[in-house]
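Observations on the model geometry
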Amino acid sequence: MNTQPMMVNMLRRAGQMALNALLPPRCLKCGAVVGDPGLLCAGCWESLSFLAPPCCAACGYPFEFAMGEGALCAACLRERPPYERARAVLRYDEASRDIVLALKHGDRTDVAPALARWMARAGRELLAEADLMVPVPMHRLRLFLRRYNQAALLALALAKLTGVPAAVDLLLRRRATPPQGRLGAAARRRNVEGAFALRPERAEMIAGRRVLLIDDVLTTGATAAACARVLLRAGAESVDVLVLAQVVRPSS
């Protein structure tokens, strides 16, 4: 009987216990001590709004009750996005903002693996069908200032969890678009129009592939739609979107 794997697991657990004793794991949101790395305390867990079916078949907008298979929200009935499906872990609100901003602006790159585990559960159907993951890119100047692309970190962590390959340099942002935080839906579309392109030397990776676009937050879907159009023009069979958090506004 080969006992080596058992010994490796025992040593790994012992090492983790020793590390936890020296540096107790902290809640991803508030910093309170928790039992294991990558967890939330009970209070923070209860404060978050996790998104789940029933939802719009296209954009993932949550429904209060089941509307039937393939049901679309009002916005997607008016104009369906170019991507097939978008799914998110959390509603982006006051409770989830700290987690998102810690990764995006707070240099908390260490939380990416834990957040990727949440995304793997929320997007398991999309991941099961995906051939390739592609993160939404940052402009090179913004990347230089921030030092990392949070969408790429999430994609790499998901690739490690699921085995779906991630091409973090396949898309590029050709111009530095102004921040979109205060822009409405129409202004966001204009802001990102023509902003994204495919690296010519990587174009062969796309043709006939089912691509899963990865980002941190889905707001109006303008950025995801712009990236999806680039990928579809390059020959992608389909594009889905998986994000950490989604802004949920009343559907009209």
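As a reminder, the structure under discussion sits directly above these lines.
So, a few notes on the structure that sits alongside this text. Numbering of residues starts from 1 in each chain and follows the order in which that chain's sequence is written. For this predicted model, a pLDDT threshold of at least 70 governs which residues receive local features, and a threshold of 80 or more governs which side-chain atom pairs are given and counted, while totals over whole chains, interfaces and linings are taken from all residues. Side-chain metrics in this entry use all non-hydrogen atoms of the structure; hydrogen atoms and water are not considered.

**A word on the side chain of Asp216**
- Helix and strand assignments come from DSSP, with helices taken as H or I runs of at least 4 residues and strands as E runs of at least 2, each series counted from the N terminus. Here Asp216 is to be found in strand 5 (residues 210–218).
- Counting of polar contacts relies on pairs of N or O atoms within 3.5 Å, with two restrictions inside protein: one atom must be capable of donating a hydrogen and the other of accepting it, and residues adjacent in sequence are counted only when both atoms are side-chain atoms. Of the polar contacts made by the side chain of Asp216, one reaches the side chain of Gln150; its length is 3.2 Å.
- Once residues within four sequence positions are removed from consideration, Asp216 is found in contact with Val100, Lys104, Gln150, Leu154, Val243, Leu244 and Ala245. Throughout, a residue-residue contact means that at least one pair of heavy atoms, one from each residue, lies within 4.5 Å.

**Examining the sheet that holds strand 6 (residues 238–246)**
- Strands pair, by our definition, only if DSSP identifies at least two bridges between them. The strand order across the open sheet formed by four strands is 1-6-5-2, and the pairing between neighbours is parallel. The open sheet is flanked by strand 1 (86–91) and strand 2 (132–135), the only strands paired with a single partner. Recorded for the sheet is a direction-independent mean angle of 20° between the axes of neighbouring strands.
- In this sheet, strand 6 lies alongside strand 1 in parallel orientation, the contact comprising five bridges. The partner of Ala88 across the bridge, within strand 6, is Val243.
- Lines fitted to C-alpha atoms define the axes here, with helix axes fitted over just the stretch in contact, and angles between the N-to-C directions of these axes take values from 0 to 180 degrees. Helix-sheet contacts for helix 4 (residues 94–104) involve strand 1, strand 5 and strand 6, and the interaxial angle to strand 5 is about 110°.

**Concerning the nonpolar core**
- The biggest cluster of nonpolar side chains holds 42 residues, and the ones touching the most others in it are Cys56, Tyr83, Leu170, Leu171, Leu213 and Leu231.
- Of all the elements in the fold, those that place two or more residues in this core are strand 1, strand 2, strand 4 (196–198), strand 5, helix 10 (222–233) and strand 6.
- A per-element tally of this core places helix 10 first, with eight residues.
- For Cys56, the contacting residues outside a window of four places in its chain are Tyr61, Phe63, Ala71, Leu72, Cys73, Cys76 and Arg87.
- To define a nonpolar core, start from buried Ala, Val, Leu, Ile, Met, Phe, Trp, Tyr and Cys residues and group those joined through side-chain atoms within 4.5 Å. Under the scheme applied here, a residue whose accessible area is under 20% of the maximum for its type counts as buried, over 50% as exposed, and between as partly exposed, the area being computed with a 1.4 Å probe on protein chains only. Within the second largest apolar cluster, 38 residues are counted, among which are Leu40, Leu90, Ala114 and Leu212.

Function cannot be inferred from these measures alone, as they are strictly geometric.
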